[in-house]
Amino acid sequence: MRGATQNLASAVGTALAGALLVAILVLSLGRAAMEHPELPDDVVQELDLTDASFMSNDQLASALHDTSLPEETVAAAIEVNEQARLEALRRGLLIYAGVALLAMFPASRLPQYRPHEVPDPSPMPERE
């Protein structure tokens, strides 16, 4: 039971961490796209920033070269993508560090057993 609970907690934690990173990325992309002067407003309006994911610069470049966008706009979009990814990772790691620090307080109240002091989990024999 303990192993199943630990596996479930790990899976939920990983899912929440990934969702947090993608949410930060979407917010970073939206703000960076609006603030970047080389990206025209019509291009920003056309992009679906709510369906963003982590894309490498090469993946984005190959996707944008198939469009009719000028080379300057493609370069600006790649720069915005790179800045947003770095910002999302920085902020996400900072949040994870804060959560880990907060987890230290309840963890400090756990029993302080040493390996040879761990109680035997087998049931006690019945007395007659």
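See the structure above.
Quantities reported herein were computed from a predicted structural model and do not represent experimental measurements.

**Overview of the packing of helix 1 (residues 2-35) against helix 4 (residues 71-107)**
Phase 1 of the analysis: Helix 4 packs onto helix 1 with a crossing angle of 140° between their chain directions and a minimal axis gap of 8 Å. Taken together, helix 1 and helix 4 sit at an angle that is classed as oblique. For the pair helix 1 and helix 4, the sense of crossing is right-handed. Taken together, the residues of helix 4 that come into contact with helix 1 (itself represented by Ala17, Gly18, Leu20, Leu21, Ile24, Leu25, Ser28, Leu29, Arg31, Ala32 and Ala33) are Val80, Asn81, Ala84, Arg85, Glu87, Ala88, Leu89, Arg91, Gly92, Ile95 and Tyr96.
Phase 2 of the analysis: Class assignment for the residues of the contact of helix 1 with helix 4 results in 14 nonpolar, 4 polar and 4 charged.

**Section: helix 3 (residues 57-65)**
Side chains of residues three or four places apart in an α-helix project in the same direction, reflecting 3.6 residues per turn.
Phase 1 of the analysis: For helix 3, the complete set of buried residues consists of Leu60, Ala61 and Leu64. Each buried residue of helix 3 lies within a common arc of 100° when the element is viewed along its axis, so the set occupies one face.
Phase 2 of the analysis: In this structure, the buried residues of helix 3 make contact with helix 4.

**Digging into the pattern of salt bridges**
Phase 1 of the analysis: Enumeration over the complete set of coordinates arrives at 2 salt bridges.
Phase 2 of the analysis: Note that Glu87 is salt-bridged to Arg31, the shortest N-O span being 2.6 Å. Of this pair, Glu87 sits in helix 4 while Arg31 sits in helix 1, and the two are 56 residues apart along the sequence.
Phase 3 of the analysis: The class for Arg31 is partly exposed, based on a relative accessible area of 36%.
Phase 4 of the analysis: Of the charged contacts in the structure, one is a salt bridge between Glu87 and Arg91, with a shortest N-O distance of 3.0 Å.

**Section: the packing of helix 3 against helix 4**
The axes of two packed helices give the description: the angle between them and the distance between them.
Phase 1 of the analysis: Interhelical geometry of helix 3 versus helix 4 gives an angle of 150° and a closest axis separation of 10 Å. One finds that helix 3 runs roughly antiparallel with respect to helix 4. In terms of crossing hand, the pair formed by helix 3 and helix 4 is right-handed. On the side of helix 3, the interface is formed by Asn57, Leu60, Ala61, Leu64 and His65, while helix 4 contributes Glu71, Val74, Ala77, Ile78, Asn81, Glu82 and Arg85.
Phase 2 of the analysis: For the contact of helix 3 with helix 4, the residue count by class is 6 nonpolar, 3 polar and 3 charged.

The rules behind each value
- Residues numbered from 1 in each chain as written.
- Predicted model: local features only at pLDDT ≥ 70, side-chain atom pairs only at ≥ 80, totals over all residues.
- Heavy atoms only, no water.
- Axes fitted to C-alpha atoms, helices over the stretch in contact; angles between N-to-C directions.
- Helix = DSSP H or I, 4+ residues; strand = E, 2+ residues; numbered from the N terminus.
- Parallel < 35°, antiparallel > 145°, perpendicular 65-115°, else oblique.
- Left-handed = near helix turned anticlockwise from the far one by under 90°.
- Contact = heavy atoms within 4.5 Å.
- Nonpolar A, V, L, I, M, F, W, Y, C, P; charged D, E, K, R; others polar.
- Buried < 20%, exposed > 50% of the residue type's maximum accessible area, 1.4 Å probe, protein only.
- Arc of directions from axis to C-beta.
- Salt bridge = Lys/Arg side-chain N within 4 Å of Asp/Glu carboxyl O.

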